[in-house]
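Structural characterization, general
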Amino acid sequence: MYHAKLDTFPAGFLWGAASAAYQVEGAADADGKGKSVWDEFSKVPGKTFENTNGDVAVDHYHRVLEDVALMKEMGLKTYRFSIAWARVFPSGEGEVNEDGLRFYDRLIHALLANGIE
């Protein structure tokens, strides 16, 4: 469809991005993270493109501050992310993995410090 004239975005419109934990975090075995359904499924031959998996992904877990700086440089105002619950509850229930919580705490504080909601 071709538009001769595009409407402007409304005042207060927030440009943003989104990610899924498994697709970006990597660090599959770091700091006490448990196995998720995707960790197991992606290892079944033929289930993913070229048998790829998220063990490393884009290594957001280790590059979180660099990634947030890039978001700010791109002018993002919002970021929707998911939580890898296997990082927070490695056994699926019970004791909380403090290292997993620290990762999300570091991410949230970096986002806020850079003006990203």
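Notes on the structure in this doc start here. A quick note: this is a predicted structure, and the numbers were derived from the prediction, not measured.

About the criteria used
Residues numbered from 1 in each chain as written. Predicted model: local features only at pLDDT ≥ 70, side-chain atom pairs only at ≥ 80, totals over all residues. Heavy atoms only, no water. Salt bridge = Lys/Arg side-chain N within 4 Å of Asp/Glu carboxyl O. Buried < 20%, exposed > 50% of the residue type's maximum accessible area, 1.4 Å probe, protein only. Helix = DSSP H or I, 4+ residues; strand = E, 2+ residues; numbered from the N terminus. Phe/Tyr/Trp six-rings, centres within 6.5 Å; stacked < 30°, edge-to-face > 60°. Lys NZ or Arg CZ within 6 Å of the ring centre and 35° of its normal.

1. Examining the pattern of salt bridges
Evaluation of the coordinates by the stated rule reveals six salt bridges. Note that Asp 29 and Lys 35 form a salt bridge whose closest N and O atoms lie 3.1 Å from each other. On the basis of relative accessibility, which here comes to 60%, the residue Asp 29 falls in the exposed class. Taking relative accessible area as the criterion, Lys 35 reaches 48% and is therefore assigned partly exposed. Taking the shortest distance from any N to any O, the salt bridge between Asp 39 and Lys 33 comes out at 2.6 Å. On the accessibility criterion, Lys 33 (13% relative accessible area) is buried.

2. Notes on unusual backbone geometry
Non-glycine residue Asp 31 carries a positive phi angle of around 50°. Residue position: Asp 31 is located in the loop between helix 1 (21–24) and helix 2 (37–41). With a phi angle near 60°, Asp 59 is a residue other than glycine that sits in the positive phi range.

3. What about the environment of Asp 67?
With respect to the helices and strands, the residue Asp 67 is situated in helix 3 (residues 60–74). Between the C-alpha atoms of Asp 67 and Ala 110, which are 43 residues apart in sequence, the distance is 9.7 Å.

4. Some remarks on the packing of aromatic side chains
In the structure shown here, the tally under the stated rule is 10 aromatic pairs. Taking 4.8 Å as the distance between ring centres and 70° as the angle between the ring planes, the aromatic pair formed by Phe 9 and Trp 15 counts as edge-to-face. Taken together, a centroid distance of 6.3 Å and an interplanar angle of 10° make the contact between Phe 81 and Tyr 104 stacked. A residue pair is termed long-range when its members are at least 10 positions apart, and Phe 81 in the loop between strand 2 (78–80) and helix 4 (85–88) and Tyr 104 in helix 5 (residues 98–113) qualify at 23 residues. Residue classification places Phe 81 among the partly exposed positions, given a relative accessible area of 23%. Stacked on the ring of Phe 103, the Lys or Arg Arg 87 has its end atom at 5.9 Å from the ring centre.

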